Amino acid sequence: MRASLIQIAVDEGESVESRRRRVSSLVREQAGADLVVLPELWTTGAFAYEEFGTEAEPLEGPTYEAMAKAASDAGVWLHAGSIPERDPEGPLYNTSLVFSPSGDLVAAYRKIHRFGFDKGEAVLMGAGRELVTVRLPGTTVGVATCYDLRFPELFRGLVDAGAETLVVPAGWPERRRAHWTLLAQARAVENQAFVLACGTAGTHAGVPQAGHSIVVDPWGEVLAEAGAVEEVLTVDFDPAKVATTREQFPALKDRVLGLEPPHTF
Ligand SMILES: NC(=O)CCC(=O)C(=O)O
């Protein structure tokens, strides 16, 4: 299976419309890949809080239209990263979109863990409540977004739902790049799954982005890692390695569930 992670530079000098056109072209150039992955909130930037409201779009808005067309033009499965979604009956959401090679929307995932503690995304957006997996030929993909990477129970839920490949679009800052790499490897090892984590490059809202998109195999080996600037990271991987890893080192089968409540002495 060939995956291309497009690590987009999200800088303030470029308009959303221009970036959308540029990203559409980049997706089209990936014809021949099986799966293409884009980062989190690449239209605005994950830290450009002031733009969430002004650039929010309905689920089937301009980014949906552009990405559906780009996926079908390229004939690829496209995890189009996330958009600030305006729900006509609710708050904004940080929503990921997944398209089939014919350009049909096959999944939408509203980010569950919002970043910012008492500001930013955490107060400007609503929280999703549903885990999402998508059946692709050869592998079941579980989706999560950026800050979700810090919450192992979400990923274990995806594995329990059949996920073998974990796809994580992000807008991760340079300041915490060490956490990004470590957490991507940890989620791969503990879940014996591939992790495809696609971040942004550039600087927006004064926050330099980490880049360093990464693909990790179920044994925790880094198959490919991007640098700091905009780049397409292409990797070939064998989804069957999930089953062999889980058979040969069956740690997932040793889980002990339903423990008694803690005993405090
Ligand atoms: N956009 C995000 O979710 C940022 C997450 C982050 O910076 C962190 O977890 O650290």
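Every value quoted in this text rests on a predicted model; they were computed, and no experiment measured them. Numbers given to residues run from 1 along each chain, matching the order in which its sequence is written. Reporting in this predicted model follows two pLDDT cut-offs: at least 70 for local features of residues, and 80 or more for side-chain atom pairs to be given and counted; totals over whole chains, interfaces and linings ignore these cut-offs and use all residues. Water and hydrogen atoms were dropped before computing side-chain values, which therefore reflect all heavy atoms in the structure.

S.K.: When you look at the UniProt feature "domain: CN hydrolase" (unreviewed entry) in the protein in this model, what are you seeing that I'm missing?
M.R.: UniProt positions are given in the numbering used here, feature names are shortened, and annotations may be inferred rather than shown by experiment. When the UniProt feature table is mapped to this numbering, "domain: CN hydrolase" (unreviewed entry) covers residues 1-239. Annotated as residues 1-239, this span is 26% helix and 29% strand, and its ends, taken at the C-alpha atoms, are 7 Å apart. Helix and strand labels come from DSSP, where a helix needs a run of H or I of at least four residues and a strand needs a run of E of at least two; each type is numbered from the N terminus.

S.K.: Explain the sheet that holds strand β12 (residues 214-216) here, please?
M.R.: For two strands to be treated as a pair, DSSP must find no fewer than two bridges joining them. With respect to topology, six strands assemble into an open sheet ordered β6-β7-β8-β9-β12-β13, the strand pairing being mixed. Pairing within the sheet leaves two strands with one partner each, and these edge strands are β6 (133-136) and β13 (222-225). With strand direction ignored, the average angle separating the axes of adjacent strands in the sheet is 15°. Pairing analysis gives five bridges linking strand β8 (residues 165-169) to strand β9 (residues 194-198), with the strands arranged parallel. Looking at β9, one finds that Pro-169 is bridged to Cys-198. Helix-sheet contacts for helix α5 (residues 152-160) involve β6, β7 (139-143) and β8, and the interaxial angle to β8 is about 140°. Here the axes come from fitting lines to C-alpha atoms, over the contacting stretch only for helices, and the angles between their N-to-C directions go from 0 to 180 degrees. In what follows, a contact means two residues having at least one pair of non-hydrogen atoms within 4.5 Å.

S.K.: Sorry if this is basic, but what is going on with the pattern of salt bridges here?
M.R.: Any two side chains of opposite charge can pair, on the condition that their charged atoms come close. In the sections that follow, a salt bridge refers to a side-chain nitrogen of Lys or Arg positioned within 4 Å of a carboxyl oxygen of Asp or Glu. Considering all chains together, one arrives at 17 salt bridges under this definition. Salt bridges here are not isolated pairs; linked through shared partners, they connect Glu-14, Arg-19, Arg-22 and Glu-230.

S.K.: Sorry, what's going on with helix α1 (residues 16-28) here?
M.R.: Since one α-helical turn is 3.6 residues long, residues separated by three or four positions face the same way. To estimate how far a helix should reach, multiply one less than its number of residues by 1.5 Å. Taking 1.5 Å per residue as the helical rise, α1 with its 13 residues ought to reach 18 Å, and the 18 Å between its terminal C-alpha atoms agrees with that figure. Here α1 has its buried residues at Val-16, Arg-19, Arg-20, Val-23, Ser-24, Leu-26 and Val-27. Buried residues along α1 cover an arc of 160° about the axis, so they all sit on one side. The inward-facing, buried residues of α1 contact β1 (2-7), α2 (49-55), α3 (62-74) and β3 (77-86). Only protein chains enter the calculation, and the probe is 1.4 Å; a residue is then buried if its accessible area is under 20% of its type maximum, exposed if over 50%, and partly exposed in between. The directions considered for the arc are those from the helix axis to the C-beta atoms.

S.K.: What am I meant to see in the pairing of β7 here?
M.R.: Working note: regular strand, side chains alternate between the two faces of the sheet. Of all five residues in β7, five are buried; the element is thus mostly enclosed. Bridge count for β6 against β7 is four bridges, and the pairing is antiparallel. Residue pairing for β7: Arg-135 is matched across the bridge by Thr-140. Between β6 and β7, which pair antiparallel one after the other, the connecting turn spans two residues, and Gly-138 there sits at a positive phi close to 95°. Sheet analysis places β7 next to β8, joined by three bridges and oriented parallel. From the neighbouring strand, Gly-142 faces β8, where its bridge partner is Leu-166. Seen with the strands pointing away from the viewer, any crossover whose path from the first strand over the helix to the second strand runs clockwise is right-handed. Remark: the β7/α5/β8 crossover connection has right-handed handedness.

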